[in-house]
There are 2 protein chains.
Amino acid sequence: MTLTDLRYLVALARERHFGHAAERCNVSQPTLSVAIKKLEDELAVTLFERSAADVKITDIGARIVAQAEKVLLEAGQIKELATAGRDPLSGPLKLGVIYTIGPYLLPHLIPRVHAAAPSMPLLIQENYTARLAESLKRGDLDVIVVALPFEEPGIVTQAVYDEPFRVLMPAGHAWEDDDTIPAARLADAPLLLLGAGNCFRDQVLEVCPLCRGGEGLQRTLEGSSLETIRHMVATGAGITVLPSSAADPLPGGNSLLTVRPFDAPEPFRRIALAWRVTYPRSGAIDVIRAAILGSPLQGVRPVSR
Amino acid sequence: MTLTDLRYLVALARERHFGHAAERCNVSQPTLSVAIKKLEDELAVTLFERSAADVKITDIGARIVAQAEKVLLEAGQIKELATAGRDPLSGPLKLGVIYTIGPYLLPHLIPRVHAAAPSMPLLIQENYTARLAESLKRGDLDVIVVALPFEEPGIVTQAVYDEPFRVLMPAGHAWEDDDTIPAARLADAPLLLLGAGNCFRDQVLEVCPLCRGGEGLQRTLEGSSLETIRHMVATGAGITVLPSSAADPLPGGNSLLTVRPFDAPEPFRRIALAWRVTYPRSGAIDVIRAAILGSPLQGVRPVSR
DNA sequence: GAGGATGTATAGTTAATCACTATTGCTAAC
DNA sequence: GTTAGCAATAGTGATTAACTATACATCCTC
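Because the structure is predicted, anything quoted here is derived from the model rather than measured. (Residues numbered from 1 in each chain as written. Chains lettered and ligands numbered in written order. Predicted model: local features only at pLDDT ≥ 70, side-chain atom pairs only at ≥ 80, totals over all residues. Heavy atoms only, no water.)

Quick look at the environment of B:Ile57
Residue and element names in this part refer to chain B.
Here is step 1 of the chain: If you trace the backbone, isoleucine 57 turns up in strand E2 (residues 55–57).
Here is step 2 of the chain: A relative accessible area of 19% places isoleucine 57 in the buried class.
Here is step 3 of the chain: Residues isoleucine 57 and leucine 47 lie ten residues apart in sequence; the distance between their C-alpha atoms is 6.0 Å.
Here is step 4 of the chain: Here isoleucine 57 is in contact with Ala13, Arg16, Leu47, Phe48, Ala62 and Val65, once residues within four sequence places are set aside. (Helix = DSSP H or I, 4+ residues; strand = E, 2+ residues; numbered from the N terminus. Buried < 20%, exposed > 50% of the residue type's maximum accessible area, 1.4 Å probe, protein only. Contact = heavy atoms within 4.5 Å.)

Quick look at the structure:
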């Protein structure tokens, strides 16, 4: 029993004439005749009473035809689903973002994606890189925004932008007079740091390796966020290093804080998109990339593809 | 897209492994692989993300799989319908009976058919032979009970029983002393007859052809029934000829009426079943025949097949 | 980083199926 | 009896679907 057979069956039930039904199906009369006979044999049921005068459907035949129509209808739905699903910008996209980007990127990203792909709602998860990677590989996420380096089997990455680091200090701090800050100076500063698991923490520690072994004045704030740290800096609890998108004052920004860049060469992190190499909706990824680059993130430099 | 393809699709969605899915479908891995690829090409949609680690279904793939399961379910219903419809004794049987048999046969027939084929309800129509024949050919009826001769193209008949004619007269009638009645005597009797269209009327007239031309004492009662005529005979309005099943007194019968057979050779009618030669439920016809022969119809003689 | 293990895709071949044309067979109507 | 209409069958060719064998890709291990 094939869908073609069922189409022949329904056509014959409608036309009550093998020749006409065959014509409607664009096949020859014997083709349809044989197919119906095959169906009857397979089902071990007489579907039609054939006579010279006309073709009559049996009671059981009528019931089976009704069911066949239902099958064909449902099968047609598959094609419709496929047509709808062919557009990579249709259907939800599961996006993961690391904690140190989400709060600064998402408010800009979401409306831009919505404008570019109105029928692609974003399902967003913020998490650590490791968790995002796991979800991405499991298929719980489709695309993630992470900092490089990021190497995972089966995952491809695409750099999107570079983002310099900044030193954040309370307004009136002694370093405020300097236009730029040397990284080495941080070694003995009361540096506020994110907890383990945040990639940004490690990147900051790389900027001033001395701190690591030094067990100096740094304080690790487990379970905290960049925003919390910023508030703590404002209250004079210490200084910190932030990515520029989180640090640079927006118009009408915080007057309790002072931001200074590092001495050249500025330390920076490279932010990238990552997805399974097998992920088919590359068009959706392009939209995400464009929306990120279209977002007004302070201090970031796009990375050409 | 075939039902087989959909089965492969569903299996792969369940197993998430080409080899295992193929095994479950009793085909080789390449067979399933090619089929899925063909489906994806046809629908122009990526249904699965394949990687060395595992097989992931895409969002659109999951939706299509759900629809495919629906299709397969509905298709399975066809087989179930066929299985149920394979029994000729399942499903209603549309039975036609001529007016001069119905009232005497049906009260016996219906419970017997119900006992022999409980899931074959009878849809019964009483009518003239010509109307029954038309309905039978149109397919509005499946089997009819008529008197022979009955010849129609595409229709087969099977004699079931012979039924002698009887003379019915009011109790106390002059002929009551005779054990049998010669047919010729009816020529000048006040014979009550059914209206035109009733085959039994013509059969009675054949018994005594003289009446036809004679325009004697006969009265034709249009739109009447044998039962009405019987009542009229009881009131002394005349005499009549009835088939034995309608005439012979049942235990506790009507004491106002006297029934006499004809002189030998008794005139009789032959009752038969008729159906379209293409009608597939011969088993149902056998049940009807057996139920008729099992009915206690007075005076009838079964006709062996 | 080379080699092995796992798993999917491809190549090449064979068998089955499907659809065609031509023809037969059947029924009913003229 | 003949003819017309229509479905069934025969026979053939093309397409499809299945197989086995093998290539290819990826990841993991040593």
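There's plenty left to go through after this.
Looking at helix H3 (residues 29–43) of chain B
All names here are of chain B.
Here is step 1 of the chain: Between its first and last C-alpha, H3 extends 21 Å over 15 residues, near the 21 Å set by a 1.5 Å rise per residue.
Here is step 2 of the chain: The set of residues buried in H3 consists of Leu32, Ala35, Ile36, Leu39, Glu40 and Leu43. Along the long axis of H3, the arc covered by the buried residues comes to 135 degrees, so they all point the same way. Turned more than 90 degrees away from the buried face of H3 sit Val34 and Asp41, all of them exposed.
Here is step 3 of the chain: Residue alanine 44 follows H3 closely and has a positive phi angle near 55 degrees. (Expected span 1.5 Å × (residues − 1). Arc of directions from axis to C-beta.)

Examining the protein's contact with DNA strand D
Here is step 1 of the chain: Among the 19 residues in the neighbourhood of DNA strand D, the closest are listed as A:Ser33, A:Arg50, A:Gly154, B:Ser28 and B:Thr31.
Here is step 2 of the chain: For DNA strand D, the fraction of protein-proximal atoms (within 4 Å) that sit in sugar or phosphate groups is 77%.
Here is step 3 of the chain: Separating a phosphate oxygen of DNA strand D from a backbone N or O atom of A:Phe18 is a distance of 3.1 Å.
Here is step 4 of the chain: The separation between a phosphate oxygen of DNA strand D and a polar side-chain atom of B:Tyr8 is 3.1 Å.
Here is step 5 of the chain: The set of elements that each furnish at least two residues to the surface near DNA strand D consists of helix H2 (18–24) and helix H3 (29–43) of chain A together with H3 of chain B.
Here is step 6 of the chain: Looking at the surface near DNA strand D, the element that brings in the most residues is H3(A), giving four residues. (Near = heavy atom within 4 Å. Polar contact = N/O pair within 3.5 Å; in protein donor to acceptor, adjacent residues only side chain to side chain.)

What about the side chain of B:Thr100?
Residue and element names in this part refer to chain B.
Here is step 1 of the chain: The topology assignment puts threonine 100 in the loop between strand E3 (93–98) and helix H5 (102–116).
Here is step 2 of the chain: With relative accessibility at 3%, the residue threonine 100 sits in the buried group.
Here is step 3 of the chain: Of note is the side chain of threonine 100, whose polar atom sits 2.8 Å from the side chain of arginine 269.
Here is step 4 of the chain: In this view, threonine 100 contacts Leu194, Asn198, Phe200, Leu226, Pro243 and Arg269; residues no more than four positions away in its chain are not counted.

Here's the deal with the protein's contact with DNA strand C
Here is step 1 of the chain: In the vicinity of DNA strand C lie 20 residues, with A:Ser28, A:Thr31, B:Ser33, B:Arg50 and B:Gly154 positioned nearest.
Here is step 2 of the chain: Within 4 Å of the protein, the contacting atoms of DNA strand C are 74% sugar and phosphate, with bases supplying the remainder.
Here is step 3 of the chain: One of the backbone nitrogen or oxygen atoms of A:Ser28 is found 2.6 Å away from a phosphate oxygen of DNA strand C.
Here is step 4 of the chain: Between DNA strand C and B:Arg50, the relevant distance is 2.3 Å, taken from a phosphate oxygen to a side-chain nitrogen or oxygen of the residue.
Here is step 5 of the chain: Within the residue set of the surface near DNA strand C, elements represented by two or more residues are H3 of chain A together with helix H2 (18–24) and H3 of chain B.
Here is step 6 of the chain: Residue contributions to the surface near DNA strand C peak at four residues, all from H3(B).

A short note on the domain arrangement of chain A
Here is step 1 of the chain: Per the domain assignment, the segments of chain A are domain 1 (3–85) and domain 2 (88–305).
Here is step 2 of the chain: Computed over C-alpha atoms, the centres of domain 1 of chain A and domain 2 of chain A are 62 Å apart. (Domains from an automatic or database assignment.)

Some words on the relation of the copies chain B and chain A
Think of it as a corkscrew move, a rotation about one axis and a shift along it, taking one chain copy to the other.
Here is step 1 of the chain: Of the two same-sequence chains, chain B is brought onto chain A (RMSD 0.2 Å, axial shift 0.0 Å) by a rotation of 179 degrees. What the superposition gives is, in effect, a two-fold axis relating one chain to the other. Of the C-alpha atoms belonging to chain B, the one lying closest to the rotation axis is found on B:Val71, 2.7 Å away.
Here is step 2 of the chain: An overlap of 100% is found between the interface residues of chain B and their copies at the interface of chain A, pointing to a shared contact surface. (Least-squares fit on C-alpha atoms with pLDDT ≥ 70 in both.)

Overview of the interface of chain B and chain A
Here is step 1 of the chain: The interface of chain B with chain A comprises 40 residues on the first partner and 40 residues on the second.
Here is step 2 of the chain: In this assembly, chain B packs against chain A so that about 3,400 Å² is buried in total across both faces, 66% of it on carbon and sulfur atoms.
Here is step 3 of the chain: Joining chain B to chain A, the criterion identifies six salt bridges.
Here is step 4 of the chain: The shortest N-O distance in the salt bridge between B:Glu49 and A:Arg276 comes to 2.7 Å.
Here is step 5 of the chain: There are twelve residue pairs in polar contact (both at pLDDT 80 or more) connecting chain B and chain A.
Here is step 6 of the chain: Breaking the side of chain B that touches chain A down by element, the ones donating at least two residues are helix H1 (3–15), H3, strand E1 (48–50), helix H4 (59–85) and helix H6 (129–138) of chain B.
Here is step 7 of the chain: With 16 residues, the top contributor of residues to the side of chain B that touches chain A is H4(B).
Here is step 8 of the chain: For the side of chain B that touches chain A, the class distribution of residues is 17 nonpolar, nine polar and 14 charged. (Buried area = accessible area lost by both parts, 1.4 Å probe. Salt bridge = Lys/Arg side-chain N within 4 Å of Asp/Glu carboxyl O. Nonpolar A, V, L, I, M, F, W, Y, C, P; charged D, E, K, R; others polar.)

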